[in-house]
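Structure assessment
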Amino acid sequence: MAPVMDSDLVRQSAATLAAAMQAGEVTSVQVTEACLARIDTVDDKVHAFLHIDREAALATAADIDRRRAAGADLGPLAGVPLALKDVFTMRGVPTTCGSRILEGWLPPYDSTVVERLRKADVVILGKTNMDEFAMGSSTEHSAYGPTRNPWDLDRIPGGSGGGSSASLAAFEAPLAMGTDTGGSIRQPAAVTGTVGVKPTYGGVSRYGLVALASSLDQAGPCARTVLDAALLHQAIAGHDPRDSTSIDAPVPDVVAAARAGDVRGMRIGLVRELGGEGYQQGVRQRFDEAVSVLTDLGAEVVEVSCPHFEYALGAYYLILPAEASSNLARFDGMRYGLRAGDHEDASVEEVMSRTREAGFGAEVKRRIMLGTYSLSSGYYDAYYGQAQKVRTLIARDFTAAFEQVDVLISPTTPTTAFKLGEKLDDPLAMYLNDIATIPVNLAGNCAMSVPVGLSPDDGLPVGLQIMAPALGDDRLYRVGSALESALVDRWGHILSEEVPSL
Amino acid sequence: MSGSQTISRIPFEQALDAFEPVLGLETHVELGTASKMFCGCPTEFGGAPNTQVCPVCLGLPGSLPVVNAMAVESTIRMGLALHCDIASWCRFARKNYFYPDMPKDYQISQYDEPLCFDGYLDVVVATDDGPREFRVEIERVHMEEDTGKLTHTGGDTGRIHGADYSLVDYNRAGIPLIEIVTKPIVGAGALAPMVARAYVTELRDLMRSLGVSDVRMDQGSLRCDVNVSLAPAGEPWGTRSETKNVNSLRSVERAVRFEIERQAAVLSGGERVVQETRHFHEDTGETTPGRSKEHAEDYRYFPEPDLVPVAPSEAWIEELRATLPEVPSARRARLRDEWGISDLEMQTLVNAEALELVAATINAGVDQGAARKWWTGEFTRIANEQGVALEDLAVTPAHIARVEALIADGSLTDKLARSVFEGVLAGEGDVDEVISARGLVVVGDDSTLMAAIEQALADQPDVAEKIRGGKVQAAGAIVGAVMKATKGQADAAKVRTLLLAHLGVEE
Amino acid sequence: MAAITRAEVEHLARLARLELTEGEIDHYAEQLSAIVDAVTRVSEVAAEDIPPTSHPIPVTNTFRPDVARPGVDREEIAAAAPAWEDDRFRVPRILGES
């Protein structure tokens with residue numbers, strides 16, 4: 001394999017870099033330095049990162065190189081750099097969750113995801129920007145300023161994990177970690193032309209993942225290729241006794257599925273209710289083309305109905321805020337983070353209220369109050385209680401659908417990346433971005449977004465969503481990989497290569 | 001300090017002429033598990049502040065709870081011992097409210113799905129007409145986590161009112177707390193205060209026999225809130241008050257009594273009883289209103305999403321049922337029969353909180369009469385004088401066994417034994433060490449005693465005459481003089497025998 | 001229209017410990033009303049006999065053994081605390097008059 005140049009290093013996939021390092025053609029320090037240099041060059045414009053852990057990353061890389069040189073047998077991602085969404089705790093490293101209320105907070109412990117990344121010898125470059133406490137679809141609700149979409153710096157990179165998706169699209173890192181509660185991995189992947197996966201609920205540990213909605217949150221891999229995502233998925237997934245909701249079962253063999261990438265004989269369901277009515281024309285077009293590709297590859301595509309999906313948005317925006325309002329109560333200025341208004345005579349009630357007023361942004365406050373409302377006495381049955389029942393119906397829709405087909409597909413988002421500021425004044429309009437991604441979070445099964453081209457109407461990336469049953473994560477990679485291969489064959493490169501230079 | 005104005009009360013008997021009380025008791029039992037309810041932090045009492053904490057019990061962002069298996073096991077056993085049904089499937093719930101002693105600003109508890117429910121506990125109350133049995137019905141037994149400990153600084157009493165700021169220690173946060181709630185206790189009438197006390201006592205003994213907790217009210221591992229309402233006979237139940245800070249069995253009884261008297265005065269004066277939380281004052285036996293809440297709390301309970309349901313299998317429940325120990329009341333009856341003592345004598349032991357100590361002393365080989373005598377006599381007196389619990393005295397059943405053995409072989413008299421125990425209690429060492437250090441040896445050899453007797457007779461010739469003349473009781477003066485001369489170490493009975501023999505007088 | 005009133009917003013803000021400005025109260029009342037209107041479509045679904053889902057994946061009885069392990073270093077906890085005194089978190093006075 002020919003040695004790769006510095007400027008090319010950042011454009012390689014994780015799998016390629018890992019192989020090159022394994023073959024001794026390049027060191028982890030070189031790769032890490034290349035990424036750091038790229039970040040120095042472009043992140044002024046993109047603002048994907050909130051914190052760059054430069055020294056620690058280089059020290060980790062050097063240590064990996066040393067061990068490899070000494071003959072140690074290292075894992076398949078050893079030495080590969082990664083961008084970590086700022087919602088994961090990392091000991092001694094600033095973790096803000098995109099909020100002022102945690103400005104300067106240094107956690108005293110590592111999340112399980114970080115522990116596993118360290119064990120896999122992945123080099124964590126730093127923390128990426130996000131909508132505050134993962135509430136949003138555009139990363140505009142970050143208290144530290146928005147991230148910009150590398151495809152068009154006037155546009156949003158998606159949210160809440162816009163920093164992670166942008167870091168991939170801008171070639172600042174080959175791998176990134178995200179979290180997905182209603183689409184926060186998949187929607188940014190779709191609008192930045194990258195790959196993002198929400199694993200089966202319970203598939204990846206939530207210990208150290210600052211909670212938004214406990215029954216919906218899931219950590220997941222983000223990358224530029226399906227195989228890279230699979231390698232990352234394998235490294236982080238699996239049972240964790242510190243997370244009571246984590247599944248005690250073997251991780252589905254996602255890497256093998258990604259390498260196989262064969263959809264012959266598979267039955268694929270098009271969800272009627274997510275069929276694209278009202279979606280952007282260009283999005284629908286690329287989606288339909290991708291469906292043809294799948295058919296050409298030997299899959300059988302049929303239409304399937306999931307009638308309760310139209311209530312998913314409503315159920316979601318009752319359940320999420322309820323759980324979030326409770327999860328965010330701990331941010332009260334007493335033990336860590338911001339404390340405001342602690343003047344001479346202030347009472348604890350006043351200090352708590354002033355701290356939260358000063359520390360939380362508008363979207364967070366909106367959802368906290370919405371959640372408080374939906375749980376409050378007199379309203380519980382009609383709101384939160386009813387939403388949990390609708391959730392059961394949505395799960396049953398999926399179960400019924402998966403009796404007919406192996407996977408379901410839909411466009412990931414109704415539109416391509418919209419302009420910064422366009423939806424800020426209309427919370428409901430912002431919420432509609434998640435209309436296709438939300439059902440999977442409610443039911444707890446898994447889904448992936450893969451890039452299927454640029455929209456003919458604005459030249460911006462379009463994503464296709466694949467949904468599989470709980471613990472059927474391997475099916476995502478099988479279908480995603482098949483589609484990716486066919487499209488890369490057609491284009492001559494992965495979609496990310498077409499991003500304008502920054 | 002209690003309020004400066006006097007609180008109106010109507011004397012107890014009079015109150016009960018006009019009204020009938022309804023009681024409710026909520027007790028919290030802190031389990032004696034090695035680790036906390038939802039994390040592995042140690043639970044030892046008295047650790048340096050904030051050294052027994054971790055991300056989970058501090059509620060740090062990203063932390064998650066994991067249920068302690070032993071806590072579930074203990075709760076099921078408690079429920080079974082209270083004749084409860086055990087839920088086949090139940091969940092934890094979040095109770096949401098803000099308070100600085102709660103790291104997450106919600107408490108993980110159980111709401112409408114308690115692990116155990118619908119049980120009972122039978123208690124016996126002594127009345128003038130003999131013992132009366134009451135069945136206290138149990139509404140529920142559920143699991144939750146304890147809060148941190150607040151210390152209020154500034155102000156004058158260390159209570160909240162008037163404090164400038166507070167300090168929080170989270171060592172206690174997350175320790176397993178089991179809440180036991182009774183159904184309303186109706187029909188106790190004038191016996192209400194005693195029924196309340198008997199219930200808490202019996203509950204405590206039951207928990208001890210199960211080995212699930214220390215259940216020390218004085219250390220906070222058993223906490224009791226007392227709910228009382230009054231209504232005229234035959235009318236719907238009145239508004240109840242809740243009284244907290246009830247820290248001893250005696251306080252339970254006093255608090256109930258006071259609330260009945262207070263509420264009777266309120267109602268008799270044509271006023272309405274306020275539904276509120278009150279604070280019991282140990283020093284005055286009164287209750288005063290606690291913090292007034294401007295706005296009613298809305299706890300917004302919902303099922304805890306970070307924990308999965310608890311679904312104990314039938315098999316597991318039966319396994320645990322087999323581990324239940326003998327019920328305290330059955331045990332007391334058995335011991336009473338074994339020891340051959342009366343119900344009243346057994347009750348005396350229970351009231352003196354001496355039953356376990358006496359049983360342990362008997363197990364150590366001491367005769368039951370002697371064991372009871374020491375614990376309910378001498379040691380109860382000393383404990384009361386020192387203001388400590390009987391079980392906290394430094395004297396042990398082993399000490400008593402040794403002393404009794406020495407009395408039996410004549411090495412100690414009863415009087416000397418008291419001096420020995422005095423030394424043991426003062427921390428001077430074990431029985432033999434105290435005897436040696438204080439020189440508490442019975443003076444028993446005949447020649448020494450005779451010498452002392454002759455000396456005493458010489459000193460009191462008129463007494464010698466009286467004894468010879470038939471006034472045998474006058475021998476006491478000589479015996480007393482000999483005891484004094486031997487610093488109490490003579491065997492008084494032997495002195496008397498020798499004296500009378502010497503004088504040629506029969507007993 | 002669900003119409004969340006000013007008074008309701010004030011009540012929610014108090015329950016949630018948010019010291020909102022006057023302007024915010026009005027603003028949120030309007031926005032929350034619109035959102036609640038949209039989400040309460042869920043009540044259109046007939047669901048009396050449907051069991052609610054609190055956990056998406058049916059796991060039960062996840063426990064850990066009752067074994068103690070050391071806690072976290074107090075220095076790190078103290079370093080993150082907004083106020084610390086006498087080895088404890090210092091918090092403002094409780095029960096102040098608001």
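The structure under discussion appears in the preceding block.
The written sequence of each chain sets the order in which its residues are numbered from 1. Just so you know, chain letters begin at A and ligand numbers begin at 1, following the order they were written in. Thresholds applied to this predicted model are a pLDDT of at least 70 for local features of residues and 80 or more for the giving and counting of side-chain atom pairs; totals over whole chains, interfaces and linings are not thresholded and use all residues. In computing side-chain properties, one takes all heavy atoms of the structure into account and sets aside hydrogens as well as water.

**Some details on the overall build of chain C**
Cut-off, in case you're wondering: Secondary structure elements are taken from DSSP: a helix is a run of H or I of four residues or more, a strand is a run of E of two residues or more, and numbering for both begins at the N terminus. Buried residues are those whose accessible area, probed at 1.4 Å on protein chains only, stays under 20% of the maximum for their type, while exposed residues exceed 50% and partly exposed ones sit between those limits. Throughout, a contact is declared for two residues whenever any of their heavy atoms are within 4.5 Å.
A count of helical and extended segments in chain C gives three helices and three strands. Seen in sequence order, chain C has helices and strands lined up from the N terminus as α-α-β-α-β-β. Burial statistics for chain C: of 98 residues in total, 45% are counted as buried. Residue pairs at least 24 apart in sequence account for 34% of intrachain contacts in chain C once pairs closer than 6 positions are excluded.

**Regarding the interface of chain A and chain B**
For an interface, size is often stated in terms of accessible area lost upon the parts coming together. In plain terms, the rule: Two parts lose some accessible area (1.4 Å probe) when they are put together, and adding that loss for both gives the buried area. We define a salt bridge as a contact between a side-chain nitrogen of Lys or Arg and a carboxyl oxygen of Asp or Glu at a distance within 4 Å.
Facing the 38 residues of chain A at the interface are 32 residues of chain B. A buried area of about 2,600 Å², summed over both sides, lies between chain A and chain B, and 59% of it is on carbon and sulfur atoms. Three residues stand out in chain A for area buried against chain B, namely A:Ser244, A:Arg330 and A:Arg335, and they jointly supply 24% of the buried area on that side. Taken together, the links from chain A to chain B amount to two salt bridges. Of all elements in the fold, only helix H11 (312–327), helix H12 (348–359) and helix H13 (362–375) of chain A reach the threshold of two or more residues within the side of chain A that touches chain B.

**As for the nonpolar core**
Our working definition: By convention a nonpolar core is built from buried Ala, Val, Leu, Ile, Met, Phe, Trp, Tyr and Cys residues, the set being connected through side-chain atoms within 4.5 Å.
A:Phe133, A:Tyr477 and B:Met207 are the most contacted members of the largest nonpolar core, which totals 274 residues. Counting residues in each nonpolar core, the second largest holds 38 residues, with B:Leu335, B:Phe379, B:Val420 and B:Leu440 among its members.

**Comments concerning the pattern of salt bridges**
All names here are of chain A. For the structure on display, the rule yields 79 salt bridges over all chains. In this structure, glutamate 363 engages arginine 367 in a salt bridge whose closest nitrogen and oxygen atoms are separated by 2.7 Å. Highlighted residues: glutamate 363 and arginine 367, both in helix H13, separated by four residues, approximately one helical turn. Look at glutamate 363 and you get buried, because its relative accessible area is 5%.

**A word on the environment of A:Pro321**
Take A:Pro321: it is sitting in helix H11. For A:Pro321 and A:Gln280, which are 41 residues apart along the polypeptide, the C-alpha to C-alpha distance reads 28 Å.

**Digging into helix H5 (residues 314–321) of chain B**
Quick reminder of the rule: This arc is taken over the directions from the axis of the helix to the C-beta atoms.
Considered for burial, the residues of H5(B) that qualify are B:Trp316, B:Ile317 and B:Leu320. Here the buried residues of H5(B) occupy an arc of 100 degrees about the axis, which is enough to place them on one side. Seen from the open side of H5(B), the exposed residues pointing more than 90 degrees away from its buried face are B:Glu314, B:Ala315 and B:Glu319. On its buried face, H5(B) sits against helix H2 (69–81) and strand S3 (85–86) of chain B together with strand S1 (63–64) of chain C.

**With respect to empty space enclosed by the protein**
Residue and element names in this part refer to chain B. Stated formally: The method works on a 1 Å grid over the protein atoms by themselves. A cavity is a set of points holding a 1.4 Å probe that cannot get out, a pocket is an open set with protein on both sides within 12 Å along at least five of seven lines, and residues with an atom within 4 Å of a point line them. Grid points are joined across faces, edges and corners, and a volume is the space filled by probe spheres set on the points. Following the grouping adopted for this structure description, the nonpolar residues are Ala, Val, Leu, Ile, Met, Phe, Trp, Tyr, Cys and Pro, the charged ones are Asp, Glu, Lys and Arg, and the polar ones are all others, Gly among them.
Counted by the stated rule, this structure contains nine cavities of 30 Å³ or more. Around the largest cavity sit 21 residues that line it, and Val56, Cys57, Lys104, Ile108 and Glu145 are the ones nearest its centre. Residues belonging to the lining of the largest cavity are distributed by class as follows: 11 nonpolar, four polar and six charged.

**Section: the packing of helix H6 (residues 328–339) of chain B against helix H8 (residues 355–363) of chain B**
Residues and elements named next belong to chain B. Here is the rule: Fitted lines through C-alpha atoms serve as axes, helices being fitted only where they are in contact, and the angles separating the N-to-C directions of these axes extend from 0 to 180 degrees. If an angle is under 35 degrees, it is roughly parallel; if it is over 145, roughly antiparallel; if it lies from 65 to 115, roughly perpendicular; otherwise it is oblique. Put simply, a crossing is left-handed when the front helix is turned counterclockwise from the back one by less than a right angle, and right-handed when it is turned clockwise.
Axis separation between H6 and H8 bottoms out at 12 Å; the angle between their running directions is 45 degrees. With respect to each other, H6 and H8 are oriented oblique. Like other packed secondary-structure pairs, H6 and H8 cross with a definite hand, here left-handed. Here Arg331, Arg332, Leu335 and Trp339 of H6 come into contact with H8, specifically with Leu355, Glu356, Val358, Ala359 and Ile362. Residue classes in the contact of H6 with H8 are distributed as six nonpolar, no polar and three charged.

**Focus: the pairing of strand S3 (residues 88–92) of chain C**
For clarity, the threshold we go by: For two strands to be treated as a pair, DSSP must find at least two bridges joining them.
When you tally the buried positions in S3(C), you get four out of five residues, the bulk of the element. Pairing of strand S9 (residues 165–169) of chain B with S3(C) involves four bridges; the strand directions are antiparallel. Residue pairing across strands places B:Tyr165 opposite C:Pro92, the latter belonging to S3(C). Sheet topology note: the strand S2 (residues 84–85) of chain C/S3(C) ladder contains two bridges and is antiparallel. What sits directly across from C:Trp84, in S3(C), is C:Phe89.

**Quick look at the interface of chain C and chain A**
Put simply, the test is: Throughout this description, a polar contact denotes any pair of N or O atoms lying within 3.5 Å of each other; where both atoms belong to protein, one of them has to be capable of donating a hydrogen while the other can accept it, and for residues adjacent in sequence the pair is counted only when both atoms sit in side chains.
On the chain A side, the residues contacting the 51 residues of chain C number 63 residues. Taken over both partners, the interface formed by chain C and chain A buries close to 5,000 Å², and the fraction arising from carbon and sulfur atoms is 65%. Looking only at chain C, the three residues that lose the most surface to chain A are C:Arg17, C:Glu19 and C:Val42, adding up to 12% of its buried area. Between chain C and chain A we count six salt bridges in total. The closest approach of N and O atoms between A:Asp345 and C:Arg93, which form a salt bridge, is 3.9 Å. Joining chain C to chain A, the criterion identifies 20 residue pairs in polar contact (both at pLDDT 80 or more). Every element with two or more residues in the side of chain C that touches chain A is listed here: helix H1 (6–15), helix H2 (22–39), helix H3 (74–80) and S3 of chain C.

**Things to note about the environment of A:Phe88**
Looking at the element boundaries, A:Phe88 is found in the loop between strand S2 (81–85) and helix H5 (112–119). For the pair A:Phe88 and A:Asp240, spaced 152 residues apart in the sequence, the C-alpha separation amounts to 16 Å.

**Remarks on the sheet that holds S3(C)**
With respect to topology, four strands assemble into an open sheet ordered S8(B)-S9(B)-S3(C)-S2(C), the strand pairing being antiparallel. With one partner strand each, in any of the chains shown, strand S8 (149–153) of chain B together with S2 of chain C form the two edges of the open sheet.

**Structural notes on the side chain of B:Thr243**
Residues and elements named next belong to chain B. Relative to the helices and strands, threonine 243 resides in strand S13 (residues 241–246). Here threonine 243 falls in the buried class, since its relative accessible area comes to 0%. In contact with threonine 243, not counting residues within four places along its chain, are Cys224, Asp225, Val226, Ala255, Glu259, Arg278, His279, Phe280 and Thr287.

**What about the environment of A:Ala400?**
Summarising the element assignment, A:Ala400 is placed in helix H14 (residues 381–404). Sequence separation of A:Ala400 and A:Arg267 is 133 residues, and the distance between their C-alpha atoms is 14 Å.

**Re the packing of aromatic side chains**
Where we set the bar: Aromatic contacts are taken between Phe, Tyr and Trp rings whose centres are within 6.5 Å, Trp giving its six-membered ring; a plane angle under 30 degrees counts as stacked, one over 60 as edge-to-face, and the others as tilted.
Counted by the stated rule, this structure contains 25 aromatic pairs over all chains. For the ring pair B:Trp374 and B:Phe421, a centre distance of 4.8 Å and an interplane angle of 70 degrees mean the geometry is edge-to-face. Taken together, the residues span a long stretch of sequence, with B:Trp374 in helix H9 (residues 368–386) and B:Phe421 in helix H11 (residues 414–425) at a distance of 47 residues. The burial state of B:Trp374 is the same as that of B:Phe421; both residues are buried. An aromatic cluster is built from A:Trp105, A:Phe133, A:Phe331, A:Tyr336 and A:Phe360, whose rings are joined through pairwise contacts.

**Observations regarding the state of the cysteines**
All names here are of chain B. Selection rule: Here, two cysteine sulfur atoms that lie within 2.5 Å of each other are counted as a disulfide.
Per the counting criterion, the structure on display carries zero disulfides over all chains. Free cysteine cysteine 57: the closest other cysteine sulfur is in cysteine 41, separated by 3.7 Å. Look at cysteine 57 and you get buried, because its relative accessible area is 6%. Distance from the sulfur of cysteine 90, which forms no disulfide, to the nearest cysteine sulfur (cysteine 116) is 8.2 Å.

**Quick word on the packing of helix H8 (residues 226–236) of chain A against helix H17 (residues 473–491) of chain A**
All names here are of chain A. Interaxial distance between H8 and H17 falls to 9 Å at its minimum, and their mutual angle equals 160 degrees. Classified by the angle between their axes, H8 and H17 sit roughly antiparallel to one another. Viewed along their axes, H8 and H17 form a crossing whose handedness is left-handed. Contacts from Val226, Ala229, Ala230 and His233 in H8 reach Asp473, Tyr477, Gly480, Ser481 and Glu484 in H17. A class-by-class count of the residues in the contact of H8 with H17 yields four nonpolar, three polar and two charged.

**Points about the sheet that holds strand S7 (residues 267–271) of chain A**
Residue and element names in this part refer to chain A. Across the sheet, which stays open at both edges, the 11 strands sit in the order S1-S3-S2-S4-S6-S5-S10-S11-S9-S7-S8 with mixed pairing between neighbours. Looking at the sheet topology across the chains shown, the edges are occupied by strand S1 (49–52) and strand S8 (300–304). Sheet twist, expressed as the mean angle between neighbouring strand axes with direction ignored, is 30 degrees. In this structure, strand S9 (residues 407–411) lies alongside strand S11 (residues 461–468), joined through four bridges in antiparallel fashion. Counterpart to proline 411 in the pairing with S11 is leucine 464. Helix-sheet contacts for H14 involve S7, S8, S9 and S11, and the interaxial angle to S9 is about 110 degrees.

**Details of the pairing of S7(A)**
All names here are of chain A. For clarity, the cut-off: With its strands directed away from the observer, a crossover is right-handed exactly when the path from the first strand over the helix to the second travels clockwise.
Two elements, S7 and S8, share five bridges in a ladder whose sense is parallel. Of the residues in S8, the one forming a bridge with glycine 269 is valine 302. The parallel pair S7 and S8, bridged by helix H10 (residues 281–296), forms a crossover whose chirality is right-handed. Relative to S9, S7 is paired through three bridges, and the arrangement is parallel. From the neighbouring strand, isoleucine 268 faces S9, where its bridge partner is valine 407.

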